[in-house]
Each structure stands twice: as structure tokens, then as C-alpha cells.
Amino acid sequence: KAGVTQTPRYLIKTRGQQVTLSCSPISGHRSVSWYQQTPGQGLQFLFEYFSETQRNKGNFPGRFSGRQFSNSRSEMNVSTLELGDSALYLCASSLVQGMNTEAFFGQGTRLTVV
Amino acid sequence: AQKVTQAQTEISVVEKEDVTLDCVYETRDTTYYLFWYKQPPSGELVFLIRRNSFDEQNEISGRYSWNFQKSTSSFNFTITASQVVDSAVYFCALSEDRDDKIIFGKGTRLHILP
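This one's a predicted model, so the numbers in the text were calculated from it and none came from an experiment. (Residues numbered from 1 in each chain as written. Chains lettered and ligands numbered in written order. Predicted model: local features only at pLDDT ≥ 70, side-chain atom pairs only at ≥ 80, totals over all residues. Heavy atoms only, no water.)

A. Structural detail: the nonpolar core. Ranked by internal contacts, the top residues of the largest apolar core, which has 24 residues, are Trp36(B), Trp66(B), Phe77(B) and Tyr90(B). Among the elements of the structure, strand S2 (10–14), strand S3 (19–21), strand S5 (32–39), strand S6 (46–52), strand S8 (64–69), strand S9 (74–79), strand S10 (88–96) and strand S12 (108–113) of chain B are those that each provide at least two residues to this core. A per-element tally of this core places S10(B) first, with 4 residues. Listed in part, the 21 residues of the second largest apolar core include Leu11(A), Trp34(A), Phe47(A) and Val78(A). (Core = buried A, V, L, I, M, F, W, Y, C linked by side-chain atoms within 4.5 Å. Buried < 20%, exposed > 50% of the residue type's maximum accessible area, 1.4 Å probe, protein only. Helix = DSSP H or I, 4+ residues; strand = E, 2+ residues; numbered from the N terminus.)

Structure representation (C-alpha cells):
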């Protein structure tokens with residue numbers, strides 16, 4: 001059974017640009033959540049999607065958005081990139097909705113903003 | 001407000017030694033869930049354990065064991081007879097039932113020296 005797949009693995013963008021990251025969950029999983037990991041702030045929850053609807057959101061500005069498709073694949077978009085957006089972005093999938101369940105993580109997309 | 005504290009930023013032990021990773025949490029909710037995840041150098045978080053607030057039984061899984069004590073708001077993780085493959089960053093996390101968000105500790109980087 002394939003795990004959670006995130007693409008691309010590495011990305012370099014310039015300040016002011018926008019970026020889209022992709023996450024394919026484990027087959028059969030309908031919940032996808034996104035996290036940002038930085039050395040300073042640690043691991044922070046961004047949002048969760050279930051059945052194509054955002055169910056939960058962390059404390060991030062509106063520049064961070066996402067969506068989920070009917071096949072449960074999810075994309076995360078960051079607009080008007082700032083240097084501080086440089087981070088490892090992790091995606092996780094779960095069978096059911098909610099943050100209190102076991103989650104399976106991908107290897108992440110490492111975004112560098114220059 | 002919920003909070004997770006992993007006071008040990010980095011620990012180094014020699015292979016075959018036992019090591020305990022500390023986790024202290026704060027919550028006002030009576031129903032909550034605690035987790036431990038392992039993050040190897042490859043980046044993905046690997047689920048280790050989930051415990052709900054009503055289950056204070058300690059758990060053992062092979063060389064891993066967890067001690068949950070509500071009286072001290074702690075959920076500590078012990079690795080017995082450590083191995084080099086245990087080297088990773090370990091995260092403790094808390095999810096409250098009422099707002100269904102998850103918060104991670106800053107992580108403990110564990111080095112197992114051969």
C-alpha cells in the first residue's frame with residue numbers, strides 16, 4: 001500500500017511569488033492535514049480537509065490556503081511568499097476526520113524562499 | 001490554552017542504554033489525546049502511540065514504553081536498550097476534543113552513539 005506522497009520534494013521560490021504544493025493521501029483516506037515545520041516555531045498545524053471541505057484551520061494568515069479534490073488529493077497554496085515561509089511542509093492523511101486520530105505523514109516539501 | 005513542553009532539546013546516549021524523553025502538557029479540556037511521533041532524517045513523522053485522557057494504563061511495545069500520569073500532566077516515553085536506528089527527533093503532541101486542533105512540542109533530538 002503506497003504511503004502519503006508529496007510533490008515536489010524541494011522547491012526554491014523568490015519573495016512575492018506564489019507556490020502550490022501537492023499531497024496524495026493513502027488510498028482510502030479521506031482526511032488530509034497540512035503542517036509547517038520551521039526551526040524557530042517548530043511543527044504547526046495549518047489546516048485539515050475532509051470530503052473536499054476545510055474542517056479545521058490553524059493560526060496562519062490568509063496567504064495560506066488549500067483545497068481537496070474528489071479523489072482526496074490535496075493542494076496547498078501560499079501566495080505572496082515571504083522569507084519566513086521557508087520551511088518543511090508536511091502533509092498527513094487519516095481515515096477519518098479530526099486531529100485526534102492516527103495520522104500518516106509524507107516526507108514533506110522543503111520550500112526555500114530567497 | 002493547550003501547551004506541550006518537551007524540555008529536553010537534545011539527548012545523547014550510548015547504544016544499549018535506556019533513555020526517557022519527557023513530555024509535559026497543559027489543557028483545560030477533560031477529554032484529550034496525547035501522541036508520540038518519531039521523525040527520522042528522511043523527514044516524515046512516524047506515528048508511535050495515541051492515548052486518550054481516560055486511559056492511564058502504561059503501555060509497552062517492544063523496546064518502547066510510555067508512562068501517562070494525569071496527576072503530573074506528563075506522558076513520558078522510554079526506549080530500553082537503545083539502538084542507533086532510534087536516532088531521530090521525537091515529538092509529543094496534544095489534541096483537545098473541544099476544538100479538535102493538534103499542538104506539538106518542540107521535539108527532542110535523540111542521538112544514539114555506537
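Structure shown, so let's carry the discussion forward.
B. Just the interface of chain A and chain B, in detail. The partner chain B presents 19 residues to the 23 residues of chain A that form the contact. Summed over both sides, the interface of chain A with chain B buries roughly 1600 Å², with 51% coming from carbon and sulfur. The interface formed by chain A and chain B holds 0 salt bridges in total. There are 7 residue pairs in polar contact (both at pLDDT 80 or more) connecting chain A and chain B. Secondary-structure elements contributing two or more residues to the side of chain A that touches chain B are strand S4 (31–38), strand S5 (42–50), strand S6 (53–57) and strand S9 (87–94) of chain A. A total of 4 residues in the side of chain A that touches chain B trace back to one element, the largest contributor, which is S5(A). Within the side of chain A that touches chain B, the residues separate by chemical class into 8 nonpolar, 11 polar and 4 charged. (Contact = heavy atoms within 4.5 Å. Buried area = accessible area lost by both parts, 1.4 Å probe. Salt bridge = Lys/Arg side-chain N within 4 Å of Asp/Glu carboxyl O. Polar contact = N/O pair within 3.5 Å; in protein donor to acceptor, adjacent residues only side chain to side chain. Nonpolar A, V, L, I, M, F, W, Y, C, P; charged D, E, K, R; others polar.)

C. Summary view of the state of the cysteines. All names here are of chain B. Taken as a whole and judged by the stated rule, the model has 2 disulfides over all chains. Two residues share a disulfide in this structure: cysteine 23 and cysteine 92, whose sulfurs sit 1.9 Å from each other. Looking along the S-S bond of the cysteine 23-cysteine 92 disulfide, the torsion reads about -65°, which is the left-handed sense. Taken together, the residues span a long stretch of sequence, with cysteine 23 in the loop between S3 and strand S4 (24–26) and cysteine 92 in strand S10 at a distance of 69 residues. The exposure class of cysteine 23 is buried, given its relative accessible area of 0%. (Disulfide = S-S within 2.5 Å.)

D. Here's a closer look at the sheet that holds strand S3 (residues 19–24) of chain A. All names here are of chain A. In space, the 4 strands of this open sheet follow the order S1-S3-S8-S7, with antiparallel pairing throughout. Strands with a single pairing partner mark the edges of an open sheet, and in this sheet they are strand S1 (5–7) and strand S7 (64–68). Each strand axis lies, on average, 20° off the axis of its neighbour in the sheet, ignoring direction. In the sheet, S3 pairs with strand S8 (residues 74–78) via 5 bridges, with the strands oriented antiparallel. Bridged to serine 22 within S8 is glutamate 75. (Pairing = 2+ DSSP bridges. Axes fitted to C-alpha atoms, helices over the stretch in contact; angles between N-to-C directions.)

E. Local environment of the packing of aromatic side chains. With the rule as written, the count across this model stands at 18 aromatic pairs over all chains. Ring geometry for Tyr25(B) versus Tyr32(B): centroids 5.2 Å apart, planes at 50°, classification tilted. Residue classification places Tyr25(B) among the buried residues on the basis of a relative accessible area of 2%. Here the aromatic residues Tyr35(A), Phe45(A), Phe105(A), Phe35(B), Tyr37(B), Phe47(B), Phe91(B) and Phe104(B) are joined through ring pairs into a cluster of three or more. (Phe/Tyr/Trp six-rings, centres within 6.5 Å; stacked < 30°, edge-to-face > 60°.)

F. Summary view of the confidence of the model for chain B. Of the residues in chain B, 100% reach a pLDDT of 70 or more, and the chain-wide mean stands at 94. The secondary structure element of chain B with the lowest average pLDDT is strand S7 (residues 59–61) of chain B, at 89, and the one with the highest is S3(B), at 98. (pLDDT = per-residue confidence, 0-100.)

G. Structural detail: the pattern of salt bridges. All names here are of chain A. Overall, the coordinates contain 7 salt bridges over all chains when judged by the stated rule. We note a salt bridge from arginine 63 to glutamate 82, for which the minimum N-O separation is 3.6 Å. You can see arginine 63 sitting in the loop between S6 and S7 and its partner glutamate 82 sitting in the loop between S8 and S9, a full 19 residues away along the chain. For arginine 63, a relative accessible area of 16% gives the class buried.

H. Quick peek at the pairing of S10(B). Residue and element names in this part refer to chain B. Buried residues dominate S10, accounting for 9 of its 9 residues. Pairing of S5 with S10, which is carried by 8 bridges, proceeds in the antiparallel orientation. Bridge assignment links tyrosine 37 to a residue of S10, and that residue is phenylalanine 91. Of the strand pairs in this sheet, S10 and strand S11 (residues 102–104) are connected by 3 bridges, and their pairing is antiparallel. Paired with serine 95 across the two strands is isoleucine 102, which belongs to S11.

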